[in-house]
Amino acid sequence: NVVHEASGTGTGVLGDSKTLNTYVYNNTYYLFDTTKPMNGVIETFDNYGGQYSSLPGYYVTDSGNTFYSERQKAAVDAHYYAGEVFDYYYDTFGRVSYDNQGADIRSTVHYGSNYNNAAWTGNQMIYGDGDGSTFTYLSGADDIVAHELTHAVTDTTAELVYENQSGALNESFSDVFGFFVDSEDWLMGEDVYTPGTSGDALRSLSNPNAYNQPDHMDEYRNLPNTESGDWGGVHINSGIPNKAAYYTINSIGISKAEDIYYRALTVYLTPSSNFSSARQALIQSAQDLYGSQAANAVSNAWSNVGVN
Ligand code: ASN
Ligand code: ZN
């Protein structure tokens, strides 16, 4: 019986070194993690600047199990943080991969050219390199990795339709679980956003207004349901449920709040849920798990952002 599991090392996007779950076959090491408590694997690919049609690309390999090169940095973090997000969902909720059935978690880095984005394609994650000024390699932020993988969780649970209020909730749940996975700050994406400027971020849960998002229904933006309208402002109006999450977490703490958010997403929310139904779903989840004091805190949080 040959043992293929190996423990490698690598350098991440921000220059930090980390330990990696790898796989050895014919003296070649792969970013291929078979150690998680599931049938599926976590595997990481490099697309060499290719586009959607050529996904997933090529396995990231190293002859010495030391992933230290510049080209490998984006892959190291995509692989490491996918494992971290798997562990978060498994340890916190007993969820086994995004579909709770042990699906493979696949990531591709070096997607496209100067691509300032990352995404869940419906099948896997993709990460651009950024253009070097707006973003550096997007997998270098664990909250971005958690955000994208949470889209996969949402797609296999509530299936919130990606437009208008249901889409803004889809976005918000990805930001909120991005916070739960790494709750050091209320910011999203700051680790890779504008590498030349410190202190800024893509979005903020505590102060959506700082990044051109509304934080109250009085500021709700009616945008067209088109790509240029951000599908009715899904990345804009998400500021409103994000601020409600901020109030909730401040009031009852992370540990209760994450249970309540997970229950709402997996039990109560539906594809067409709007902000008002999300408020109801979260109040009910809070009541189910922690009783009326928690339910009241959730209720107040949503009233504070003008959702009744
Ligand atoms: N980064 C974006 C997101 O996850 C990609 C998209 O627009 N779907 O929200
Ligand atoms: Zn998103």
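Residues numbered from 1 in each chain as written. Chains lettered and ligands numbered in written order. Predicted model: local features only at pLDDT ≥ 70, side-chain atom pairs only at ≥ 80, totals over all residues. Heavy atoms only, no water.

**Student:** Before we move on, can you summarise the domain arrangement of the chain with the specific residues and values?
**Tutor:** Under the domain assignment, the chain is made up of domain 1 (1-156) and domain 2 (159-308). One C-alpha centre belongs to domain 1, the other to domain 2; they are set 26 Å apart. Between domain 1 and domain 2, the residue contacts involve 27 residues of the former and 29 residues of the latter. On the domain 1 side of the interface with domain 2, the three residues burying the most area are D143, H147 and T154, jointly 26% of the side's total. Taken together, the connections running from domain 1 to domain 2 amount to zero salt bridges. Linking domain 1 to domain 2 there are twelve residue pairs in polar contact (both at pLDDT 80 or more). Counting only elements with at least two residues in the side of domain 1 that touches domain 2, the list comes to helix 1 (70-93) and helix 2 (142-155). For the side of domain 1 that touches domain 2, the residue count by class is twelve nonpolar, ten polar and five charged. (Domains from an automatic or database assignment. Contact = heavy atoms within 4.5 Å. Buried area = accessible area lost by both parts, 1.4 Å probe. Salt bridge = Lys/Arg side-chain N within 4 Å of Asp/Glu carboxyl O. Polar contact = N/O pair within 3.5 Å; in protein donor to acceptor, adjacent residues only side chain to side chain. Helix = DSSP H or I, 4+ residues; strand = E, 2+ residues; numbered from the N terminus. Nonpolar A, V, L, I, M, F, W, Y, C, P; charged D, E, K, R; others polar.)

**Student:** Please give an account of the packing of helix 1 against helix 3 (residues 164-181) that cites residues and values.
**Tutor:** Where helix 1 meets helix 3, the closest approach of the two axes is 10 Å, and the angle between their N-to-C directions is 85°. Comparing the axis directions of helix 1 and helix 3 gives the class roughly perpendicular. Contacts between helix 1 and helix 3 involve E84, V85, Y88, Y89 and F93 from the first element and F177, F180 and V181 from the second. Each residue belonging to the contact of helix 1 with helix 3 can be placed in one class, and the counts come to seven nonpolar, no polar and one charged. (Axes fitted to C-alpha atoms, helices over the stretch in contact; angles between N-to-C directions. Parallel < 35°, antiparallel > 145°, perpendicular 65-115°, else oblique.)

**Student:** Could you give an account of helix 5 (residues 239-252), with specific residues and numbers?
**Tutor:** For helix 5, built from 14 residues, the straight-helix expectation of 20 Å at 1.5 Å per residue is met to within 8% by its first-to-last C-alpha distance of 20 Å. In terms of burial, helix 5 is largely enclosed, as eleven of its 14 residues are buried. Turning to helix 5, its buried residues number three or more, namely G239, I240, P241, N242, K243, A244, A245, Y246, T248, I249 and I252. Where helix 5 is buried, its residues meet helix 3, helix 6 (254-268), helix 7 (275-290) and helix 8 (292-304). (Expected span 1.5 Å × (residues − 1). Buried < 20%, exposed > 50% of the residue type's maximum accessible area, 1.4 Å probe, protein only.)

**Student:** Now, about the pattern of salt bridges: what can you tell me, with residues and values included?
**Tutor:** One pass over the full model with this rule turns up ten salt bridges. When the shortest N-O distance is used, the salt bridge between R71 and D46 registers 2.9 Å. Taken together, the positions of R71 in helix 1 and D46 in strand 5 (residues 42-46) put the pair 25 residues apart, joining distant regions of the chain. For R71, a relative accessible area of 37% puts it in the partly exposed group. Residue D46 is classed as buried on the basis of its relative accessible area of 5%. In this structure, K73 and E70 form a salt bridge, with 2.9 Å as the shortest nitrogen-oxygen distance. In this pair, K73 and E70 are both assigned in helix 1, three residues apart and thus about one turn of the helix distant. A residue is classified by how much of its surface remains accessible, and K73, at 17% relative accessible area, is buried. For E70, a relative accessible area of 45% translates into the label partly exposed.

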